[in-house]
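# Chain and residue survey
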Amino acid sequence: MFADLSPLIAAGAHWLTRAYPASGGALADALCEAQARQAATVAARLRYPTATDAALVGLAGPGGSGRLDWVSGADADGFLDDHAWRTWVDEVVVSWAACLLGDPELAAAAVAALAEDDPGPGTPPAFRRLVAPDDRDLGAAALLRHPDLLAPVAGLHRARLLDRLGPGRALAA
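Because the structure is predicted, anything quoted here is derived from the model rather than measured. (Residues numbered from 1 in each chain as written. Predicted model: local features only at pLDDT ≥ 70, side-chain atom pairs only at ≥ 80, totals over all residues. Heavy atoms only, no water.)

### As for helix α3 (residues 51-60)
Working note: α-helix, 3.6 residues per turn, so residues spaced by three or four point in the same direction. Of all the positions in α3, only Ala 54, Ala 55 and Val 57 are classed as buried. Along the axis of α3, the buried residues cluster in a sector spanning 165°; they form a single face. Summarising the geometry of α3, the exposed residues directed more than 90 degrees from the buried face are Thr 52, Leu 56, Leu 59 and Ala 60. Contact partners of the buried residues in α3: α1 (6-19). (Buried < 20%, exposed > 50% of the residue type's maximum accessible area, 1.4 Å probe, protein only. Helix = DSSP H or I, 4+ residues; strand = E, 2+ residues; numbered from the N terminus. Arc of directions from axis to C-beta. Contact = heavy atoms within 4.5 Å.)

### What to know about helix α9 (residues 147-154)
Of the residues making up α9, those classed as buried are Leu 150, Val 153 and Ala 154. Within α9, the buried residues cover an arc of 85° as seen down the axis, which keeps them to one side. Lining the buried residues of α9 we find α1, α4 (66-72), α5 (91-102) and α10 (158-165).

### Quick word on the confidence of the model for the protein
Of all residues in the protein, 85% attain a pLDDT of 70 or more, and the chain-wide mean is 87. When mean pLDDT is taken per element in the protein, α5 scores highest with 98 and α4 scores lowest with 89. Predicted confidence is poor over residues 169-173, with pLDDT under 50, and the contacts of this stretch with residues over four places away or in other chains come to eleven contacts. (pLDDT = per-residue confidence, 0-100.)

### Here's the deal with the packing of aromatic side chains
Under the criterion given, the structure shown has one aromatic pair. Ring geometry for Trp 15 and Tyr 20: centres 6.4 Å apart, planes at 75°, overall edge-to-face. The pair Trp 15 / Tyr 20 is uniform in exposure class, with both members buried. (Phe/Tyr/Trp six-rings, centres within 6.5 Å; stacked < 30°, edge-to-face > 60°.)

### Considering the packing of α5 against α10
Interaxial distance between α5 and α10 falls to 9 Å at its minimum, and their mutual angle equals 80°. The orientation of α5 relative to α10 falls into the category roughly perpendicular. Where α5 approaches α10, its residues Val 92, Ser 95, Trp 96, Cys 99 and Leu 100 are matched on the opposing element by Arg 158, Arg 160, Leu 161 and Arg 164. Here the contact of α5 with α10 is composed, by residue class, of five nonpolar, one polar and three charged. (Axes fitted to C-alpha atoms, helices over the stretch in contact; angles between N-to-C directions. Parallel < 35°, antiparallel > 145°, perpendicular 65-115°, else oblique. Nonpolar A, V, L, I, M, F, W, Y, C, P; charged D, E, K, R; others polar.)

The following block contains the structure:
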C-alpha cells in the first residue's frame, strides 16, 4: 500500500520551483528547493494526515498540475515540455504550500498544527527554512515567497487550509 507522501511532496516542490524559480546560482536553487520542499511537506501531511488518506491518494491519484499550470500561466510558455512528473502534483497541496510560503504566520500555525496532530517520531521538530527564513533564504526564494505572485495559486484552496487549521487558531488572514 502507498503510505508515503514523498512523490506528492517532490512533485509539488518541483512544480513550485519551476513556477517560481530561484535567482542567484546553485546555492540559491538549493535554498529555494529546501523551502518549497518544507512547505509541500507540511501541506501534504496536513492534507493527508493518516496512512489511510495517503493510501487513498496513492490509489486514486493526486489529479495533476493542469489547473495550476493554467492559473499560473505556465501552460503558455513551454513550461509543460516534460509532463510525466506533473501527474503526481496535487493541486491542494501546492496551493496550501503557496499559502504557507507567502504568509510566515500561517506557516508557523500550520507547523504547530502538524506537531499537535502527530507528535510522534515522524514529525520533524522544526521547519526552519519555512517558518523562520534568513536573509539568504529570502533572497534565494524572492519569487517563491512573493505573496502577490503566489496569490493566484494560494487563493485556490486557502479557505480549505484555514478550515483545516481550525477556528481556534489565531491566524492573520
